[in-house]
Each structure stands twice: as structure tokens, then as C-alpha cells.
Amino acid sequence: MERREAEAIYEQGRDAVIEVLLALSAQNARLEAQVERLTAKVARQDERIATLERQLGRSSRNSSQPPSADPPSAPPRTKGPSGRKPGAQPGHEGKGRPLLPAWAVDEFVDHWPRACDCGHVFSVGELVADGEPARRQVEELPPITVCVTEHRCQRVRCPGCGRRASGVLPAGIARSAFGPRYQAAIAVLSVRNRISRRDVVELCEQLFGSRISTGAVDAILARCADALEEPCEHLLTRVRSAPAVNMDETGWRLRGGQRALWGMFTERHAVLRIAADRHEDHAKQLLASSEAIVTSDRWWAYGHLPVKRRQICWSHLQRDFAFHAEGRGIERELGQAGLAVCEELFWAWEIFQHTGDRAELQRRVRVLQRQLKPVLREHASKKIRYRQGRRFARNVLKVWPALWTFAKTPGVQPTNNHAERALRGAVIYRKLSLGSQSTAGERRIARLLSAHTTCRLQRRSLHAYLIDVLTAQATGCPAPLLA
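Residues numbered from 1 in each chain as written. Predicted model: local features only at pLDDT ≥ 70, side-chain atom pairs only at ≥ 80, totals over all residues. Heavy atoms only, no water.

## Some details on the overall build of the protein chain
Working step 1: Per the secondary structure count, the protein chain includes 16 helices and seven strands.
Working step 2: Against the compact-globule benchmark of 23 Å for 483 residues, the protein chain has a radius of gyration of 36 Å, which places it well outside the compact range.
Working step 3: With respect to the principal axes defined by its C-alpha atoms, the protein chain has extents near 140 × 85 × 55 Å.
Working step 4: Split into buried and exposed, the 483 residues of the protein chain put 35% on the buried side.
Working step 5: Summing over all exposed atoms, the protein chain offers an accessible surface of approximately 31,400 Å²; the carbon and sulfur share of this is 52%.
Working step 6: Taking the average place of the 75 positive charges on the side chains of the protein chain and the average place of its 52 negative ones, the gap between the two points comes to 6 Å. (Helix = DSSP H or I, 4+ residues; strand = E, 2+ residues; numbered from the N terminus. Rg over C-alpha atoms; globule rule 2.2 N^0.38 Å. Buried < 20%, exposed > 50% of the residue type's maximum accessible area, 1.4 Å probe, protein only. Areas by Shrake-Rupley, 256 points an atom, 1.4 Å probe, with all protein chains shown as cover. Lys, Arg positive; Asp, Glu negative; His and termini not counted. Charge placed at Lys NZ, Arg CZ, Asp CG, Glu CD.)

## Considering the nonpolar core
For soluble globular proteins, the rule of thumb is that nonpolar side chains tend to be buried together.
Working step 1: Ranked by size, the top nonpolar core spans 65 residues in total, and within it Ile-212, Met-247 and Trp-262 carry the most contacts.
Working step 2: Counting residues in hydrophobic clusters, the runner-up holds 31 residues, among them Leu-334, Val-341, Leu-372 and Ala-402. (Core = buried A, V, L, I, M, F, W, Y, C linked by side-chain atoms within 4.5 Å.)

## Side note on the sheet that holds strand β6 (residues 293–296)
Working step 1: On the basis of which strands lie adjacent, the open sheet formed by five strands has the order β5-β4-β3-β6-β7 and mixed pairing. The sheet is open, and its two borders are formed by β5 (270–275) and β7 (310–312), each paired with just one other strand. When the angles between neighbouring strand axes are averaged without regard to direction, this sheet yields 25 degrees.
Working step 2: When strand β3 (residues 244–254) meets strand β4 (residues 257–265), the two strands line up antiparallel, connected through nine bridges. Each residue of the ladder has a partner; that of Thr-250, found in β4, is Leu-261.
Working step 3: Contacts from helix α7 (residues 229–240) reach β3, β4 and β5, with the element oriented near 110 degrees to β5. (Pairing = 2+ DSSP bridges. Axes fitted to C-alpha atoms, helices over the stretch in contact; angles between N-to-C directions. Contact = heavy atoms within 4.5 Å.)

## Description of the packing of aromatic side chains
Working step 1: One pass over the full model with this rule turns up nine aromatic pairs.
Working step 2: Each ring, one from Trp-262 and one from Tyr-302, has its centre 6.1 Å from the other, and the planes form 70 degrees; the classification is edge-to-face. Of this pair, Trp-262 sits in strand β4 while Tyr-302 sits in the loop between β6 and β7, and the two are 40 residues apart along the sequence.
Working step 3: The class of Trp-262 is buried, set by a relative accessible area of 1%.
Working step 4: Owing to a relative accessible area of 0%, Tyr-302 belongs among the buried residues under this scheme.
Working step 5: On the basis of an interplanar angle of 50 degrees and a centroid distance of 5.9 Å, the ring pair of Trp-299 and Trp-300 is categorised as tilted. (Phe/Tyr/Trp six-rings, centres within 6.5 Å; stacked < 30°, edge-to-face > 60°.)

## Comments concerning the pairing of β3
Working step 1: The buried fraction of β3 amounts to nine of the eleven residues, a majority that puts the element mostly inside the structure.
Working step 2: Hairpin connection between β3 and β4: a loop of two residues separates the two successive antiparallel strands, and Arg-255 in this loop has a positive phi of roughly 50 degrees.

## A word on helix α8 (residues 280–287)
Spacing of three or four residues puts side chains on the same side of an α-helix, whose turn is 3.6 residues.
Working step 1: Of the residues making up α8, those classed as buried are Glu-280, His-282, Ala-283, Leu-286 and Leu-287. Down the axis of α8, the sector holding all buried residues measures 155 degrees, keeping them to one side.
Working step 2: The inward-facing, buried residues of α8 contact α7, β3, β4, β5 and β6.
Working step 3: Looking one or two residues beyond α8, the residue adopting positive phi is Ala-288, at roughly 55 degrees. (Arc of directions from axis to C-beta.)

## Points about the environment of Leu-99
Working step 1: Inspection of the secondary structure puts Leu-99 in the loop between α2 (14–56) and β1 (155–157).
Working step 2: Here Leu-99 falls in the partly exposed class, since its relative accessible area comes to 42%.
Working step 3: Sequence separation of Leu-99 and Ala-43 is 56 residues, and the distance between their C-alpha atoms is 73 Å.
Working step 4: The contact partners of Leu-99, leaving out residues within four places of it in the chain, are Arg-135 and Gln-137.

## Concerning the pairing of β6
Working step 1: Covered by surrounding structure in β6 are Ile-293 and Thr-295 together with Val-294 and Ser-296, the residues of both alternating faces.
Working step 2: In this structure, β3 lies alongside β6, joined through three bridges in parallel fashion. Note that in β6 the partner of Asn-246 across the bridge is Thr-295.
Working step 3: As paired strands, β6 and β7 are joined by three bridges and run parallel to one another.

## Section: the side chain of His-282
Working step 1: Considering the arrangement of structural elements, one finds His-282 in helix α8.
Working step 2: A polar side-chain atom of His-282 sits 2.8 Å from a polar atom in the side chain of Asp-277. (Polar contact = N/O pair within 3.5 Å; in protein donor to acceptor, adjacent residues only side chain to side chain.)

Put into C-alpha cells, the structure is as follows:
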């Protein structure tokens, strides 16, 4: 309003001035209310933007997502420069290829000198060994080709009745056109080395000079999986009876649809199962009547287990603390305090690995408990400034006893890295093969992956084991177990 307009209203008298003032007061109230609404809206949007920025900042360093899912903006997972040159360092004890003993050598070739450095030429009679020879062993593959055996069922005419009688193929021969060693090699190439069906066909043609089709490869894998049914059931019983197990789950695909791959592992055994989802019902079904202490992450499917039978993975907790340490204000204090505890805990565990002094480990753990619990209780309170870390703090306090099971129970580790490493091969297989195409295929690939992972944990030849299994199947004998 300009001065002339104000003077004109004033000249109209007292009532006009009062009316204008009341209108301005109402307008000011409406504007104040609008400012309050916009201020609250901006605050909500700021909080939402901060939440979205934190979600965009999630990576394998501060969450449970795999490194393959890291966005381009994620920092590289590389260590800083060490200041040392690449390769072996000065004073490093060299490692050479050890020579095989004489009994393991197939052929010896002697190389004699023709002349001495002084110019003397050796005669045949002068070539007499003086001391130990310089040895160099060269390993070479012989020409590889399949050995084709033709089984003939001869026909003989009976002199008594005049009918012709034919020979009968043994059960193992009639079942497949390929022998146990060949089928085991196909399974190893497909499951352990994760080679596609077409590449397996090409390799068999080039390496073995063998004719095979992709359908035959599928049939061989199905036959191997069926032969592993009894060993895998025994494997499940062994794992369930173990005092401590590691469990983890990851995604799977069935004709493009979402499924879940569950794994249960001990130090020497592995059981993998494919289920519809990651619900706790599948964890209960896999564990059944097991009384083992379960090491896992904080996924809710394991919540049905008593906390005394759980060990929460500290590697997952470390990533969660790293996520909160990248926050702002009071949330950062929670993350930094947690990361400091994680560092001390892993150092205490490393000392225990070398000394075996469990009393010292428990003493260090008690110190860390006194450091961490007050921080979690503070951030679990209802104060508004703790809203960002409140849910996480309450969740950790809920499973507090399960954080420290490793300190008092032999055979339990503070992390679930064993399960994650054991599942890695199956995850790579799923990414390359795009999962399964049928539920029967799911059961079969789960058996093959269980046998593959168990053999790897036992440092055992999968090829040799499958040969024994397929040979037992062909002869009608019980399949050897994965003890």
C-alpha cells in the first residue's frame, strides 16, 4: 500500500481505518499459517532428501549388498599405497616349484656335455657322472582322446527250440552312452568351473575328440544329481547334528522369477537348498531339530532362534556402523563408536587365534561390552535427535547376548564370512546360468552345488568323488558319503 492510498483511507474516518486494519491482520494470520506449513514441508523434504542421499551412498562398504551391486559413485575397494615396490620384497624367501621324487617321474632324459670350457672334447668313455646332476622336470599332457568301447549283444540260435537268444547289457552300460569318468568331467566343468553347455560341448570336441550335445550334457548333470540324492541326505543329517553352523541366504532365479538359495555350513560340510523366498519357515525347515549355535546376520528369518543359540555377524555390524558413521550430527557419533569397538574386537579375536587364551579374550570382550552398551542405550531413547539411529540401536540391543557367543563357545567365530565365502561359487553359477528352469532342476543343482562346496571345504577332488558315485550307481552299490 502506498502513502496516498493510506491517506485516502484515513480521511474516510475511523471505521474505514479499523476495517482495513482487521483485513490486514487476517491476511497476516493467513500468511503466517502458510509460512508454518511451508516451513514444515521444507523440513520434511530436507529429511527425505537426506534419507535418499544416504540410500544413494550405500555400497558394499556400509551395507550387506554385494560389491557387484555397487554404484559407479562408490569408492573403489582398494587399499592405499604401501610405499613398497610390486613383487617379492628384499629378504623374501623364494618359492620354487618342488621336484617330484624319482618314482613319480615317467621318463628320464640325460644330457651330457660335448666339450669342456678349456676346449677338450669328451669321448664316449669319458662320459662318467661326477656328483649329482642338475635336474629340471617338465610336465606335459599326453594326447587326450576318449576310449570308445563297443558293447555287442550277440545273438545265438537255440538248437533246442530254434529261437534266437540275445546277450543283455549290464545295467550300468545300458543307462548311458558315457562312462563314469567322462560324466564326472562334464559335471565338474559345468558346476565347479561354471562353463556353459555350449562351451562344454566345444571343449569335449577339442580336448577329447568326443561327440556330445547340449541335451546330453543336461542328461549327465541330471544323472549325477540323482546319484547324489543319498549322500546329500546324509550330508544334511551331519550338518544338523553339528554343534555350530553358519547360515546365509541369497537370491536365485526360476524362469526369471525370484527365488532364494539357502546355505548351511560347517567347517567341512555344506548343504544348499533352493526355496520360494527368504521367509523364516525355510530356515526352520532347514534346521529342523538341530540344536546348533547358528552364526548369521540380523535377518528377521533367524529371529525364531533363542539368542543363546545365535551369533550375530560382526562384519555385518561393522558395515552398519560404517553407514551410520557417514551420517550427520549425533548419528555419526553412534557409527564412530561402533567402528572403534569393531576394530578392537577383531584385534582381540586375532590375538586369540594366535594364543588360544580364551580368558584373555573374554576379558577384552567385557571391556568392549561396557563401551558399546551405553552408546546403544542412549541412541535407542525416544529423543528426536536420535531418530536416525534409534531403530538400529534397538535392534542390536534386542539380540545383545548373541553378539558375544563366540567369546565363550568353542567353534563359534564372530563373523559369518565362512558362509558368505562358501556361497560365492553358487552365486557366480546363478549369475552365469540365470538360475533354473524347473523345480526338478532346482533340486538337482542344489545337490550338485552341495557336493561341490563340500569337496572344496574338504580340499577333495570333486572329479574323483563323482567317479566313485557314478561307478557305485552303475554297479548297484551304495554311493560313497561325504564324511
